[in-house]
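What the coordinates show
Residues per chain are reported as follows:
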Amino acid sequence: MAYAQLNAALPSPSHPMAKTGYGKRHASDEPPHSEADFAHLLQRDAEIAAFIDHLPVGAAMGHKAIAAEHPRYGQQAVRTSMGRLAEAGHLRWVKEHLTVEDTSMRWVTRTYWSREAKSPAWWAEFVRERHGRDVTDQYAPGLARVEDDTETRAEPEPEPEGGAARQVLAGLRAADRRLALSERDCRALEPLAAEWLARGATPADITRALTTGLPEAVTNPGGLTRTRLETKMPPKLPKAPAKTRLRARVTRAVFVCGLCEEPETTTELVNGLCADCRAECLADSEAEGAYVVPGVVPETFLAVPRPRTPAPVVDVTRYVDEIRRASGYAPKERG
């Protein structure tokens with residue numbers, strides 16, 4: 001099967017990404033693409049394998065998400081094919097327990113993909129090596145905190161410093177009539193006042209510094225305000241130390257069934273699937289019938305059913321008479 005044929009339906013840039021810390025991950029360094037990558041698979045499995053192979057790291061890997069984006073196959077077809085890809089050694093689902101330096105913990109399920117089919121022994125060693133693995137660089141800060149499904153509430157955005165600075169300058173008129181600044185003065189002095197705010201001063205700090213100890217008569221409010229803003233400018237705030245990312249480590253890793261997420265600690269898994277899911281995949285495969293014929297896709301596995309054609313009209317009476325003659329009986333007499 002030519003690789004170009006498998007590329008007929010590749011994922012689009014709009015394919016959804018999984019939540020941070022989940023989704024597709026490569027089990028090992030991938031070799032270059034070749035014509036023989038998925039030649040050992042049935043056609044539909046090879047097409048879905050090529051689709052998965054081209055998904056970016058972190059992409060959603062549930063069969064529903066893939067079926068929603070694949071133009072040819074629906075959920076049942078994708079689910080069955082993913083089970084067979086696991087049987088063939090391309091897919092495994094691993095549940096990893098993470099412990100972070102702040103003592104927070106959580107379980108993360110990752111879907112590991114290999115373009116090359118790997119043996120069960122290789123996958124077993126892969127999971128064994130996950131124990132104790134430092135994954136600080138692979139997991140975003142805060143991942144170890146439990147997330148819920150509620151939407152993040154939008155926090156009010158802080159007022160831009162420029163606008164706040166303009167309000168402080170315009171308000172000097174009310175604080176002391178001797179500093180009644182014009183609109184032109186406010187525009188010209190706004191950058192200086194904004195710098196005060198950026199250095200941690202409050203509007204009250206600025207007003208107090210500009211109005212305290214004024215002379216009896218102020219002939220140039222704008223000039224005096226500029227002088228005071230420049231000469232009384234507070235020092236810059238010290239830079240906050242860079243936040244160090246808390247180290248995260250895998251403290252436990254176990255296989256889970258890719259179709260029902262049952263862990264190997266509670267049920268026996270063979271080639272990444274539990275007995276029930278393996279039986280389900282086998283039953284689906286047997287039910288496909290003509291699927292092994294290249295280009296034939298069973299009706300129940302299509303993303304969109306084929307248009308129906310009217311069934312031919314059958315003369316039941318004539319059909320029964322033909323059967324009776326073939327069996328050695330005379331046609332039934334009718335009144």
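Parameters at a glance
- Residues numbered from 1 in each chain as written.
- Predicted model: local features only at pLDDT ≥ 70, side-chain atom pairs only at ≥ 80, totals over all residues.
- Heavy atoms only, no water.
- Salt bridge = Lys/Arg side-chain N within 4 Å of Asp/Glu carboxyl O.
- Helix = DSSP H or I, 4+ residues; strand = E, 2+ residues; numbered from the N terminus.
- Buried < 20%, exposed > 50% of the residue type's maximum accessible area, 1.4 Å probe, protein only.
- Polar contact = N/O pair within 3.5 Å; in protein donor to acceptor, adjacent residues only side chain to side chain.
- Contact = heavy atoms within 4.5 Å.
- Phe/Tyr/Trp six-rings, centres within 6.5 Å; stacked < 30°, edge-to-face > 60°.
- Lys NZ or Arg CZ within 6 Å of the ring centre and 35° of its normal.
- Disulfide = S-S within 2.5 Å.

1. Some words on the pattern of salt bridges
Overall, the coordinates contain 17 salt bridges when judged by the stated rule. The salt bridge partner of arginine 278 is glutamate 87, with a shortest N-O separation of 2.7 Å. Highlighted residues: arginine 278 in helix α10 (residues 275–288) and glutamate 87 in helix α4 (residues 75–88), separated in sequence by 191 residues. In this structure arginine 278 comes out as partly exposed when scored by relative accessible area, which is 31%. The exposure class of glutamate 87 is partly exposed, given its relative accessible area of 31%. Between lysine 118 and glutamate 116 there is a salt bridge, and its shortest N-O distance comes to 3.3 Å. Of the residues examined, glutamate 116 reaches a relative accessible area of 40% and is grouped as partly exposed. Several salt bridges converge on common partners, so that one network encompasses Arg166, Glu183, Arg187 and Glu190.

2. Some thoughts on the side chain of arginine 92
By secondary structure assignment, the location of arginine 92 is in strand β2 (residues 91–100). A polar contact of 2.8 Å, which involves the side chain of arginine 92, links it to the backbone oxygen of alanine 86. Ignoring any residue separated from it by four or fewer positions in sequence, one finds arginine 92 in contact with Ala86, Arg110, Thr111, Tyr112, Pro120, Trp123, Phe255, Asn271 and Gly272.

3. Comments concerning helix α8 (residues 203–211)
Ile206, Ala209, Leu210 and Thr211 are the residues of α8 that are buried. Phi turns positive, to about 70°, at glycine 213, one or two residues after α8.

4. Considering the packing of aromatic side chains
All told, the structure shown has 5 aromatic pairs when counted by the stated rule. Their ring planes at 50° and their centres at 6.1 Å tell us that phenylalanine 38 and tryptophan 113 sit as a pair that is tilted. Of the two residues, phenylalanine 38 sits in the loop between β1 (24–26) and α2 (43–53) while tryptophan 113 sits in strand β3 (residues 105–113), which places them 75 residues apart along the sequence. In this structure, phenylalanine 38 and tryptophan 113 share a single accessibility class: buried. Taken together, the ring pairs in this structure connect Tyr112, Trp122, Trp123 and Phe126 into an aromatic cluster. Lying over the aromatic face of tryptophan 107, lysine 95 brings its terminal NZ or CZ to 5.7 Å of the ring centre. It is lysine 118 that lies over the ring of tryptophan 122; its NZ or CZ is 4.7 Å from the centre.

5. A few points about the state of the cysteines
Linking two cysteines covalently through their sulfur atoms gives a disulfide. The final tally for this structure, using the stated rule, is 0 disulfides. The structure places no disulfide on cysteine 277, whose sulfur is separated from the nearest cysteine sulfur, that of cysteine 274, by 3.6 Å.

Just distances and angles here, no functional claims.
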